[in-house]
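Here's the letter readout for the chains.
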Amino acid sequence: ENNVNRKDILRQAIEETVHRGGTVIIPTFAIERTQELLYELNEMIEHEHLSKIPIFLDSPLAIKLTKVYKNYEQYFNKKVLHDIRAGDDIFNFPGLHLTFSAQESRAINDVRGPKVIIAGSGMSLGGRILYHEVRYLPDPNSTILFVGYQVEGSPGRQIMDGKKEVRLLGQHVAVNCQVRSIEGYSAHADQAMILDWVGKAKEDGNLKKVFVTHGEYHSSSVLSQKIKDKIKIDSVVPAMGDSFEL
C-alpha cells in the first residue's frame, strides 16, 4: 500500500468509528510507526480532512522517542522539512494528549464520546494496549486498527484472523468490535530492499552464506530461494534445533 492509500484507510476507519460513537484503539510499536501515525494524523487534522477528536498517545516510551525524533529533524525528507520550516510541529496537533503516567492512562476511560488511543505493544503481547483492548474489544461500535505485522500465535494475530474471543490479562475477552488493518506502516525492509542489501554485501566480497531467521516459514523460504537464485549466495532457513559451524 502506498502512503495515500494508507492515509485514506486510516481516515476512513476513524471517521466510521466516530460516526458510531466508538473508540479506535491502535496497537503500535514505540519507534517509527508511532511517529509516522502522528505525522499523518497531524496533516489530516490541520488540513481539516479528519474530525477533531481526542487522540491519546498512551506510551511513555513512544513519547520519549518522539522527542528524540525532534532532535534530528535534519534527517527528515524534503516534504517534512518544508512543513517544519513553515512552522508546523509535525508531531503535535489540536486534540493530541500525551499520557505519560499510569494515572493519566487510566483517566482516558473517563473521556466520553469518540476518541483514538495509540498504545503499545504492537502485537498486544503486553503494555497498556491490553487494558484498552479489554474495555473496547467487546464494543461493536469501536474499532481495533492494526498498523504492523502480527506474529503467528500473538493476540493481535488471533484478532486479525477473526477469533471472537481472546485471552488478555488473565481473562477471556469477547471481540465484537470492527477489525481493520493497514500494512503500509511496516518499519521493516521489504523483500526487494533485502535482496538489494544482500547483493551489495556480496559485492564487498566477504559474504558466504545467508541465514533467514525472521518471519513466517513460507515467506522466509521464498526469500531464501530468491537469494540463492538471484544473488547466487547459499541461503538457509534454520529450523528449531538446527546448528551450524561457522
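Residues numbered from 1 in each chain as written. Predicted model: local features only at pLDDT ≥ 70, side-chain atom pairs only at ≥ 80, totals over all residues. Heavy atoms only, no water.

### A few points about the overall build of the protein
Put simply, the rule reads: Each helix is a run of H or I in the DSSP string that is no shorter than four residues. Each strand is a run of E no shorter than two, and both are numbered from the N terminus. Note on exposure labels: buried denotes an accessible area under 20% of the residue type's maximum, exposed denotes more than 50%, and partly exposed covers the range between, all computed with a 1.4 Å probe on protein chains only. Here, residues are in contact when the closest pair of their heavy atoms is within 4.5 Å. Calculation of accessible area relied on Shrake-Rupley with a 1.4 Å probe; when residues are assessed, cover is drawn exclusively from the protein chains displayed.
Each helix and strand counted, the protein has nine helices and ten strands in total. Seen through its principal axes, the protein has C-alpha atoms that stretch 60 × 50 × 30 Å. Here the protein holds 246 residues, and 41% of them are scored as buried. The contacts in the protein between residues at least 6 apart in sequence include a share of 74% that link residues at least 24 apart. Carbon and sulfur atoms make up 52% of the accessible area of the protein, which totals about 14,000 Å².

### Some remarks on the sheet that holds strand S4 (residues 115-119)
Applicable threshold: Pairing between strands is defined by DSSP: at least two bridges between the two strands are required. Structural elements are reduced to axes, namely lines fitted to C-alpha atoms, with helices fitted over the stretch in contact, and the angle between N-to-C directions of any two is expressed from 0 to 180 degrees.
Read across the open sheet, the six strands follow the order S3-S2-S4-S1-S5-S8; overall the sheet is parallel. Two strands bound the open sheet, and with one partner strand each, they are strand S3 (96-98) and strand S8 (178-181). Put simply, the sheet's adjacent strands are angled 20 degrees from each other on average, direction ignored. Taken strand by strand, helix H2 (residues 33-46) contacts strand S1 (23-27), strand S2 (55-57), S3 and S4, and its axis lies near 160 degrees from that of S2.

### Some points on the pattern of salt bridges
Where we set the bar: A side-chain nitrogen of Lys or Arg and a carboxyl oxygen of Asp or Glu constitute a salt bridge if their distance falls within 4 Å.
Considering all chains together, one arrives at eleven salt bridges under this definition. Across the pair Glu43 and Lys79 runs a salt bridge whose closest N-O atoms are separated by 2.4 Å. Of the two residues, Glu43 is situated in helix H2 and Lys79 in helix H4 (residues 78-85); the sequence distance between them amounts to 36 residues. For Glu43, a relative accessible area of 11% corresponds to the buried category. Taking the shortest distance from any N to any O, the salt bridge between Asp89 and Lys70 comes out at 3.5 Å. Taken together, the positions of Asp89 in the loop between H4 and S3 and Lys70 in helix H3 (residues 60-70) put the pair 19 residues apart, joining distant regions of the chain. For Asp89, a relative accessible area of 34% puts it in the partly exposed group. A relative accessible area of 33% means that Lys70 is categorised as partly exposed.

### Section: H4
Filter applied, for reference: Arc definition: directions from the helix axis to the C-beta atoms.
Among all positions of H4, only Val80, Leu81, Asp83 and Ile84 are buried. Considered in projection along H4, the buried side chains sweep an arc of 160 degrees and stay on one side of the axis. Those residues of H4 that are exposed and aimed more than 90 degrees away from the buried face are Lys78, His82 and Arg85. The secondary structure elements touched by the buried residues of H4 are H2.

### Re the environment of Ile26
Tracing the chain through its elements places Ile26 in strand S1. Note: C-alpha distance between Ile26 and Val111 (85 residues apart in sequence) is 17 Å. Not counting the four nearest positions on each side in its chain, Ile26 is found in contact with Leu10, Leu37, Val116, Ile117, Ile118, Ala119, Ile129, Leu145 and Val147.

### Some thoughts on the nonpolar core
Inclusion rule: What we call a nonpolar core is a set of buried Ala, Val, Leu, Ile, Met, Phe, Trp, Tyr and Cys residues that are connected through their side-chain atoms within 4.5 Å.
Counting residues in hydrophobic clusters, the biggest one holds 33 residues, and the most contacted among them are Leu10, Ile14, Ile26, Leu41, Ile55 and Ile118. Contributions of two or more residues to this core are made by helix H1 (3-20), S1, H2, S2, H3, H4 and S4. With sequence-adjacent residues up to four places away left out, Ile118 is seen in contact with Ile26, Thr28, Leu37, Leu38, Leu41, Ile55, Phe56, Leu57 and Asp58. Counting 17 residues, the second-largest nonpolar core is a separate cluster that includes Ile117, Leu130, Ile159 and Leu168.

### Thoughts on the packing of aromatic side chains
Test applied: Note on aromatic pairs: the rings of Phe, Tyr and Trp (six-membered ring only in Trp) are paired at centre separations within 6.5 Å, and the planes decide the class, stacked below 30 degrees, edge-to-face beyond 60, tilted for the rest.
Taken as a whole, this structure holds four aromatic pairs when the rule is applied. Here Tyr69 and Phe91 contribute two aromatic rings whose centre-to-centre distance is 6.1 Å and whose plane-to-plane angle is 85 degrees, an arrangement assigned as edge-to-face. Of this pair, Tyr69 sits in helix H3 while Phe91 sits in the loop between H4 and S3, placing them 22 residues apart in sequence. With a relative accessible area of 21%, Tyr69 lands in the partly exposed category. Of the residues examined, Phe91 reaches a relative accessible area of 6% and is grouped as buried. Among the aromatic residues, ring-to-ring pairing joins Tyr69, Phe76 and Phe91 into one connected group.

### Topic: a nonpolar patch on the surface
Stated precisely, the cut-off is as follows: Candidates for patches are residues over 30% relative accessible area with no salt bridge; among them, like charges are joined within 9 Å and nonpolar side chains (Val, Leu, Ile, Met, Phe, Trp, Tyr) within 5 Å.
A surface patch of nonpolar side chains, about 360 Å² in accessible area, is lined by Val68, Tyr72 and Tyr75. The residue Tyr75 is located in the loop between H3 and H4 in this model. Since its relative accessible area comes to 66%, Tyr75 is described here as exposed.

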